[in-house]
Amino acid sequence: MATQLAGLRYQHRTLQAPVPSDAVLRLCRLAPSGHRIAFVREDGPEGQTGIWIGEIHNAHSARLLVPFKPGRIEDLAFSPDGSHIAYRVAPLLGFGARGTIGWASADAPGEIRRVEGTGFGWTAGGKALLVADPYRKSLLRYALDEEEPRALGPFEDDADPSFPARIVVSPDGEHIVYTAGREGEEISEVWLVKREKGAVVTSIFTEIPGGNVHILPFWSPKGATLGLFCVHEEQEKTALIVVPRLEGEGHVLYESSYLDPAETPAFTQSARSIAFFRTEKPGDEERPATTRLVLLDVKRETFAALAEPDEVFGTPRLFDDRTIAVDGEALAHLFVFDDPS
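All values reported here derive from a predicted model rather than from experimental measurement.

Explain the environment of leucine 65 here, please?
Structurally, leucine 65 is set in strand 6 (residues 63–67). On the basis of relative accessible area, leucine 65 is assigned to the buried category, the value being 3%. Distance in space between the C-alpha atoms of leucine 65 and aspartate 145 is 20 Å, their sequence separation being 80 residues. The contacts of leucine 65, once residues within four sequence positions are left out, are Ile51, Trp52, Ile53, Ile85, Ser105, Ala106, Ala108, Pro109 and Gly110.

Just to check I follow, could you spell out the pairing of strand 13 (residues 138–143) for this structure?
Taken residue by residue, a regular strand's side chains alternate between the two faces of the sheet. Where burial is concerned, most of strand 13 is hidden: 5 out of the 6 residues are buried. Where strand 12 (residues 128–133) lies against strand 13, 6 bridges are found, and the strand directions are antiparallel. Each residue of the ladder has a partner; that of leucine 129, found in strand 13, is tyrosine 142. Here strand 12 folds back onto strand 13 in antiparallel fashion, the turn holding 4 residues, of which lysine 137 has a positive phi close to 55°. The pairing of strand 13 with strand 14 (residues 150–154) spans 4 bridges and is classified as antiparallel. Following the sheet pairing, arginine 141 is matched in strand 14 by arginine 150. Between strand 13 and strand 14, which pair antiparallel one after the other, the connecting turn spans 6 residues.

In this structure, what is going on with the sheet that holds strand 14? I would like to understand it.
Adjacent strands of a sheet pair through backbone hydrogen bonds, lying either parallel or antiparallel. Overall, antiparallel pairing links the 4 strands, which are arranged 11-12-13-14 in an open sheet. With partners counted over all chains shown, the strands left at the sheet margins are strand 11 (119–122) and strand 14, one partner each. Between one strand axis and the next, the sheet turns by 25° as a mean value, whatever way the strands run.

What exactly am I supposed to notice about a negative patch on the surface here?
Together, Asp158, Glu183, Glu186, Glu233, Glu234 and Glu236 make up a negatively charged patch on the protein surface. The topology assignment puts glutamate 186 in the loop between strand 16 (175–182) and strand 17 (187–196). For glutamate 186, a relative accessible area of 55% corresponds to the exposed category.

What should I look at first to understand the side chain of arginine 36 in this one?
Mapped onto the elements of the fold, arginine 36 is located in strand 4 (residues 36–41). On the basis of relative accessibility, which here comes to 18%, the residue arginine 36 falls in the buried class. Separated by 3.1 Å, the side chain of arginine 36 and the backbone oxygen of alanine 106 make a polar contact. Side chain to side chain, arginine 36 and aspartate 107 meet in a polar contact 3.0 Å long.

Explain the pattern of salt bridges to me, please; I cannot follow it from the model alone.
What the rule picks out here adds up to 19 salt bridges. In this structure, the salt-bridge partner of arginine 26 is glutamate 42, at a minimum N-O distance of 3.1 Å. Taken together, the residues arginine 26 in strand 3 (residues 25–30) and glutamate 42 in the loop between strand 4 and strand 5 (50–55) connect sequence positions 16 residues apart. Residue class for arginine 26 comes out buried when judged on its relative accessible area of 19%. With a closest N to O distance of 3.7 Å, arginine 113 and glutamate 147 form a salt bridge. Here arginine 113 is found in strand 10 (residues 111–116), whereas its partner glutamate 147 is found in the loop between strand 13 and strand 14, with 34 residues between them in sequence. Here glutamate 147 falls in the exposed class, since its relative accessible area comes to 55%. If you follow the salt bridges from partner to partner, you end up with Arg29, Glu74, Asp75 and Arg88 in one network.

Conventions we followed
- Residues numbered from 1 in each chain as written.
- Predicted model: local features only at pLDDT ≥ 70, side-chain atom pairs only at ≥ 80, totals over all residues.
- Heavy atoms only, no water.
- Helix = DSSP H or I, 4+ residues; strand = E, 2+ residues; numbered from the N terminus.
- Buried < 20%, exposed > 50% of the residue type's maximum accessible area, 1.4 Å probe, protein only.
- Contact = heavy atoms within 4.5 Å.
- Pairing = 2+ DSSP bridges.
- Axes fitted to C-alpha atoms, helices over the stretch in contact; angles between N-to-C directions.
- Patch = residues over 30% accessible without salt bridge, like charges linked within 9 Å, V, L, I, M, F, W, Y side chains within 5 Å.
- Areas by Shrake-Rupley, 256 points an atom, 1.4 Å probe, with all protein chains shown as cover.
- Salt bridge = Lys/Arg side-chain N within 4 Å of Asp/Glu carboxyl O.
- Lys, Arg positive; Asp, Glu negative; His and termini not counted.
- Charge placed at Lys NZ, Arg CZ, Asp CG, Glu CD.
- Polar contact = N/O pair within 3.5 Å; in protein donor to acceptor, adjacent residues only side chain to side chain.

Here you go:
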């Protein structure tokens, strides 16, 4: 069914993993091809829970890639070419336990490698994985065909699993942005890695007071603008800032006195709008907050709802020229516009 939104027509499609409807799923992720979906399954006999993959609309295609006990996987993402899946693993309970980052082939079962780290991001071509390692105090680049990583910059972070490091690479691969936070120093940082005259240069991009801050960076499709979605738990407020051409202090497009969901926003193809989840009514001891997926007009700074309250949950991302995908918990969603918005 087509829906009219502020002069735009779009269709909302829901995609399900090829498993029984009563299966307990989390972290559904649609592959770049749109034909497969990865997910975490947390029900079933021992040895059958963990990361699964299957073809959309093919009930017999689901297969286990990497077994994990329930609750261990905190995030996962396909590489840009869809050939691999990376994931963040929660540390085991106990003193000195450390978070890890792993990766596996999307076409064959078994873990390829696991390293210490608290955040990850794929390079633009998907040939390497960037890992924030607070134990080695470095941002590391792990090429899939090499054993030893390459250090790209410093990473001083509390390794708090509630505030994982975020790493995003510009579409052209020329810039990397990553975050770090230290509650003891009451500071959260955004770092920038770029190429200058053939060399890699890493520097502080900006700092935000407070250690308990979710900073979620995201790029416009052409990499001309960096967005920073800041959910400040200490101050109980949210802000969305854009920095065109990585110059100046940026422009605050949106502020809220509520804590919005800490999910990374996404620009539309034209970069005229940004899709993100907004809290419409805060929660309390009896009920959770009411949230809604909205589209923010960058120029007018106005909102339009893409779904009903609490209808959709997850992380929006630009899927193709006309489509915003939402990687959800038990479902994946596609919002397909008649024209690029």
